[in-house]
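Fold and geometry: a report
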Amino acid sequence: QLQLVQSGGGLVQFGESLRLSCVASGGNLGNYAVGWFRQVPGKDREAIAGISSIDDKYWYEDSVKGRFTTSRDNAKTEVYLQMNDLKPEDAGSYYCAENHSAWVLTPQAARDWGQGTEVTVYS
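An account of the accompanying structure is given in this report. (Residues numbered from 1 in each chain as written. Predicted model: local features only at pLDDT ≥ 70, side-chain atom pairs only at ≥ 80, totals over all residues. Heavy atoms only, no water.)

Our next topic: the sheet that holds strand S7 (residues 68–72). In space, the four strands of this open sheet follow the order S1-S3-S8-S7, with antiparallel pairing throughout. Edge positions in the open sheet fall to strand S1 (3–7) and S7, since each of these has one partner strand only. When strand polarity is set aside, the average angle formed by the axes of neighbouring strands in this sheet is 15°. Bridge count between strand S3 (residues 18–25) and strand S8 (residues 78–83): six bridges; the pairing is antiparallel. What sits directly across from Ser-21, in S8, is Tyr-80. (Pairing = 2+ DSSP bridges. Helix = DSSP H or I, 4+ residues; strand = E, 2+ residues; numbered from the N terminus. Axes fitted to C-alpha atoms, helices over the stretch in contact; angles between N-to-C directions.)

A few words on the pattern of salt bridges. The tally for this structure, following the rule as stated, stands at five salt bridges. A salt bridge links Arg-38 to Glu-46; the shortest N-O distance between them is 3.5 Å. Judged by its relative accessible area of 29%, Glu-46 falls in the partly exposed class. The residue Lys-65 makes a salt bridge to Asp-62 at a minimum N-O spacing of 3.1 Å. You'll find Lys-65 and Asp-62 in the same group, each marked exposed. Counted as one network, the salt bridges with shared partners bring together Glu-98, Arg-111 and Asp-112. (Salt bridge = Lys/Arg side-chain N within 4 Å of Asp/Glu carboxyl O. Buried < 20%, exposed > 50% of the residue type's maximum accessible area, 1.4 Å probe, protein only.)

On to the nonpolar core, then. Formed by 25 residues in total, the largest nonpolar core has its most connected members in Trp-36, Phe-68, Leu-81, Met-83 and Tyr-94. Mapped by element, the contributors of at least two residues to this core are S3, strand S4 (33–39), strand S5 (46–51), S8, strand S9 (92–99) and strand S11 (117–122). If you tally residues by element for this core, the top one is S3, at four residues. Contacts of Met-83, omitting those with residues within four sequence positions, involve Glu-16, Ser-17, Leu-18, Leu-20, Arg-67, Phe-68, Tyr-94 and Val-119. Ala-33, Phe-37, Ala-47 and Ala-110 belong to the second largest nonpolar core, which has seven residues in total. (Core = buried A, V, L, I, M, F, W, Y, C linked by side-chain atoms within 4.5 Å. Contact = heavy atoms within 4.5 Å.)

Encoded structure:
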C-alpha cells in the first residue's frame, strides 16, 4: 500500500509561515488527486486545499485563500502546503490524503492518509 509521510508542522507566532510536506513512500503520487485537511478537537476533518488529478487545478477553502498554496514537486513524490500569514484559527492537526479520483475534498474521498502533523499559532 502507498504510504504518505508528513513533516513540517510546528509552533509559530501569528503572521509567520510554515511549509508542510507530504511524501509518498513506496511509490509516487503520479496524477493522483491530493487533499489537505485540518482537524481540531471535537470536529471532523475539513478540507482546506486540494490538487486535482486533472489539468493541475487547485482548490482552497475560503478562510485560507490568498495565504495558503499547495503544489507538487516535479517527480510527483512530494506535495507541499505553504502556509503564510498564519492565524490562531489555522491551528490544528493537518493531514494529506490521496486517491485516483478527480478531487479529494471530503474525508470519504480519501484512500490513503498521512499520519498528520500539528500546527500551533500563538499571538
